Amino acid sequence: MTTERRLVKQPSTVSLFRMSAVMWNAHRVHFDLAYATEVEGHPGLLVPANLLSSYLCELLMSWAGPTTRLVRLSFQNRAPVYAGTTVTAWGREVTRAPADGADVVDLEIGIDRDGVPAVTGTARVLLPRAAPAAG
Amino acid sequence: MISSPVEFHRFTLPIDAVPARRFAYAADDLNPAYFDDALARRAGYERAIAPPMYVCSMFDHSAGPPEHELRGDGVAPVFFPDVVARDAALMGGGQVVEFLAPVYIGDTVEVVRSLVDRYRKASRHFGTLEFVVVESRVLDEDDRLLVRVVDTLATRR
């Protein structure tokens, strides 16, 4: 049976503002609604790609509990996501193989909004099979 | 096509607890390993770690620039290489990230950003886009590579 997991998120205007603030990034499409809609033609505030990828990281880093290690993340943005939209981050195991005391798991990943792929990609995580050494 | 990477920016980034944890809150990710040393150790880390996308998202660590030096879209010019037109609209095209070692709260890293490629491609939603590919290498104080990010940025005018 293929292991799949999902995580539902709704990026709010507040989270977009806080993300821009901590990055010291004044890209107006993420917090200035008049600019995003009237100048760049978006229907709303554009969710930054790193917020979407953070959702994927949250999903992956807990794949088999807190000792899961994220090794690689590769994704492409297929469609824009706007603030207030409900999105589903998902992962699906493709292969799992033992290697050096851990299981190496390769996954297909993505983020969908209203059933439409907004982000697609792949990831690799390590699942230690014994108590891990610190690091 | 770019024949070899061209470094356009590098900066020192202290991995301070407050901004790293603000990043986690902004992303609505309350993983205890970001917030608590003891819980991070129980997960096998030496101490609390930064959220993985934190270092991947920081393009600079200066106090500026003043507002009049920002592009019209609000982006600081130093964030991207000079080949990105000042009036181009920007969108993230995708990323490939290799996580080679954890980035710990309290560490200091060096981020080195280089232009590695540029090309044009048609987009279903936005017409023809110019893509700029940027590599970020996140190094610890011993120059050990912790994270490697390859960012594809889509631009349109």
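Residues numbered from 1 in each chain as written. Chains lettered and ligands numbered in written order. Predicted model: local features only at pLDDT ≥ 70, side-chain atom pairs only at ≥ 80, totals over all residues. Heavy atoms only, no water.

1. Description of the overall build of chain A
- A tally of regular secondary structure across chain A gives three helices and five strands.
- Here the C-alpha coordinates of chain A stretch approximately 55 × 30 × 20 Å along the principal axes.
- Relative to its 135 residues, chain A shows a buried fraction of 52%.
- The long-range fraction of contacts in chain A, counting pairs at least 24 apart against all pairs at least 6 apart in sequence, stands at 63%.
- Accessible surface computed for chain A: about 6100 Å², of which carbon and sulfur atoms make up 55%.
- Within chain A, one finds 13 positive and 12 negative side-chain charges whose respective centroids are separated by 4 Å. (Helix = DSSP H or I, 4+ residues; strand = E, 2+ residues; numbered from the N terminus. Buried < 20%, exposed > 50% of the residue type's maximum accessible area, 1.4 Å probe, protein only. Contact = heavy atoms within 4.5 Å. Areas by Shrake-Rupley, 256 points an atom, 1.4 Å probe, with all protein chains shown as cover. Lys, Arg positive; Asp, Glu negative; His and termini not counted. Charge placed at Lys NZ, Arg CZ, Asp CG, Glu CD.)

2. Examining the side chain of A:Lys9
- Take A:Lys9: it is sitting in strand β1 (residues 4-9).
- A:Lys9 gets classed as buried once you look at its relative accessible area, which sits at 7%.
- Separated by 2.8 Å, the side chain of A:Lys9 and the backbone oxygen of B:Asp28 make a polar contact.
- The residues contacting A:Lys9, other than those within four sequence positions of it, are A:Tyr55, A:Glu58, A:Thr85, A:Thr86, A:Val87, B:Ala27 and B:Asp28. (Polar contact = N/O pair within 3.5 Å; in protein donor to acceptor, adjacent residues only side chain to side chain.)

3. A word on the nonpolar core
- Counting residues in hydrophobic clusters, the biggest one holds 65 residues, and the most contacted among them are A:Leu73, B:Ile15, B:Val55 and B:Val147.
- Each residue touching A:Leu73, except ones within four places of it in the same chain, is listed here: A:Ser53, A:Leu56, A:Cys57, A:Leu60, A:Ile109, A:Thr122, A:Ala123, B:Met53, B:Gln95, B:Val96, B:Val97 and B:Phe99. (Core = buried A, V, L, I, M, F, W, Y, C linked by side-chain atoms within 4.5 Å.)

4. Some points on the pattern of salt bridges
Residue and element names in this part refer to chain A.
- One pass over the structure, following the stated rule, counts 19 salt bridges over all chains.
- For Lys9, the salt bridge is made with Glu58, and the minimal N-O distance between the two is 2.9 Å. In this pair, Lys9 is assigned in strand β1 and Glu58 in helix α3 (residues 49-61), connecting sequence segments 49 residues apart. Summarising the burial analysis for this pair, Lys9 and Glu58 share the class buried.
- For Arg124, the salt bridge goes to Asp106, with nearest N and O atoms at 2.7 Å. Here Asp106 lies in strand β4 (residues 102-113) and Arg124 lies in strand β5 (residues 116-128), a separation of 18 residues in the sequence. (Salt bridge = Lys/Arg side-chain N within 4 Å of Asp/Glu carboxyl O.)

5. A closer look at the interface of chain A and chain B
- At the junction of the two partners, chain A supplies 42 residues and chain B supplies 45 residues.
- Counting the contacts that link chain A with chain B gives one salt bridge.
- The partner of B:Asp28 in a salt bridge is A:Lys9, with the nearest N and O atoms 3.1 Å apart.
- The interface formed by chain A and chain B contains 15 residue pairs in polar contact (both at pLDDT 80 or more).

6. Focus: the confidence of the model for chain B
- Per-chain confidence: chain B averages 94 in pLDDT, with 100% of residues scoring 70 or above.
- Reported confidence for the predicted complex is 0.94 by ipTM and 0.93 by pTM. (pLDDT = per-residue confidence, 0-100.)

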